[in-house]
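The lines below spell out each chain.
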Amino acid sequence: MTSRLERLTEQRLASLERIRARGIDPYPRSYHPSHTVREAITTFEQQRESSADMSLAGRIMSKRSMGRMSFLDIRDSSGKIQLSLRYDLLGRERYELLQDIDIGDFIGAAGKLFRTKSGEVTLEVSDFAMLCKSLRPLPEKWHGLADVEKRYRQRYLDLIANEGSRNTFALRCKVITAIRSFLNEQGFMEVDTPVLQPHAGGALARPFVTHHHALDQDLYLRIALELHLKRLVVGGFDRVYEMGRVFRNEGISVRHNPEFTLLECYQAYSDYNDMMRLVEEMFVHVASEVLGTTKLARDGATIDLALPWQRLQLREAVKTHCGIDFEDYPDAASLRTRMVEMGMEVEPSKGRGRLIDELLSTFVEPNIMQPTFLLDYPVDMSPLAKRKQGDERFVERFEGFVAGMEVANAFTELNDPLEQRERFLRQQKERVADEEEEIADEDFLQALEYGMPPTGGLGMGIDRMVMLLTNQQSIREVVLFPQLKTRSE
């Protein structure tokens, strides 16, 4: 039995052939509208509804025919407008062509704007052109595209059907522009560093591995931007940043996609206190630019990004929320035993640093709603951070949290090359059986030996910032094409 989709597609193919039979190319090479929809409406209103000839182009979103008069709604990237098409103005041949034009097709239309009795700005069409014939029907008009998996797999349909999705990704673009503007005004220089790297360094994560045939060498898709950016600080660029894709071969969740957009920036002659101020000011700047406010609605609560953000010690936060003072457990075995006694399932291969991180993500992170910095992490959680003055069990590191979600991670960067080498080697020995291994990068260690000034470094997930500013619960709602398991057709 022929499906409804197949029948509709066959009807559209028949329409396509009739259009061609009229000598009309249904897929012309170009069309040059004089205005976008938004520009046309703005011009019309500014000129007090005195309209000159103009041309518009867009996708047909609705079609209503009433004998010798038809109305179409078309939409371009700037907005939607109604078209009025009359038999007496277009003539028989042009008007009858409308019978073979469907919702989803693209057309160009020329004419003058007027306002209907109901107050709607409308283009009275004196001529129109077929720009693209759509062979598949759009998602059901009144219900949009509700199938979540289909929205992710066929994002183009999601963008056509759901205004909310279009607004989310338009705002994402504004967020990235605002971040660049903020950092550029602070004197940072944007740079590009390699995606394919001989070592997977700068973070603790399982990498993706590929093979370069000409070099006959395995390479890693980068898991962080850090080590190359710090090489640039060694080379004399005092303030650098990069926004780029990084790749981690790990689990997929509402907050994790295997590839995501990461911002990292490094500022010479500064420490993690300077980075805290930078994060606060950046969030305020971006929210003010794209939303016009620092106050966000989230889970029924109001979150205020305004300065200053709360500052708490990590040790005290963990102790408050789960009752464990991790300094009472100096090694992985004793801490693991205590966590098991609490009923937690703990992987035997995890080191002490990753166990503490599990306590943080399980008990502390979900309970932080207002913007908060957690400060001073154990050395074994942060191999690239400088020890805290006065207490060498800890390093000068913070993570920023908002609405139960980590949004920033920063260090006073370790610039002692001998200590850095020793930490790398010690961690590699501890993680022999751990797939999430940070590999010592000999070239990076050599770069440190040439000298890197005191430096503050920051990493921040762009996707999570967009989730926060658009009140989305899943990272898949803010990544245009999230990773999904391939399915057989």
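Residues numbered from 1 in each chain as written. Predicted model: local features only at pLDDT ≥ 70, side-chain atom pairs only at ≥ 80, totals over all residues. Heavy atoms only, no water.

Asks: I'd like a description of the packing of aromatic side chains, backed by residues and values.
Replies: Summed over the entire model, instances satisfying the criterion amount to four aromatic pairs. When the centroid spacing of 5.0 Å and the interplanar angle of 25° are considered together, the rings of tryptophan 309 and phenylalanine 373 count as stacked. Of this pair, tryptophan 309 sits in the loop between β13 (301–304) and β14 (310–313) while phenylalanine 373 sits in strand β15 (residues 372–378), and the two are 64 residues apart along the sequence. Like phenylalanine 373, tryptophan 309 is buried. Ring geometry for phenylalanine 373 versus phenylalanine 398: centroids 4.8 Å apart, planes at 65°, classification edge-to-face. Within this pair, whereas phenylalanine 373 is found in strand β15, its partner phenylalanine 398 is found in strand β17 (residues 391–402), the two being separated by 25 residues in sequence. Each member of the pair, phenylalanine 373 as well as phenylalanine 398, is classed as buried. Here a set of aromatic residues connected by ring pairs shows up, and it is made of Phe283, Trp309, Phe373 and Phe398. (Phe/Tyr/Trp six-rings, centres within 6.5 Å; stacked < 30°, edge-to-face > 60°. Helix = DSSP H or I, 4+ residues; strand = E, 2+ residues; numbered from the N terminus. Buried < 20%, exposed > 50% of the residue type's maximum accessible area, 1.4 Å probe, protein only.)

Asks: Could you give an account of the pairing of strand β2 (residues 69–76), with specific residues and numbers?
Replies: Among the eight residues of β2, seven are classified as buried, and the element is accordingly described as predominantly covered. Two elements, strand β1 (residues 54–66) and β2, share seven bridges in a ladder whose sense is antiparallel. Bridge pairing in β2 places methionine 66 opposite methionine 69. In sequence, β1 turns back onto β2 through a hairpin of two residues, with glycine 67 there showing a positive phi of about 65°. Here β2 runs beside strand β3 (residues 79–86); their pairing, made up of eight bridges, is antiparallel. In the sheet register, phenylalanine 71 faces β3, and the bridge partner there is serine 84. The turn linking β2 back onto β3 is made up of two residues. (Pairing = 2+ DSSP bridges.)

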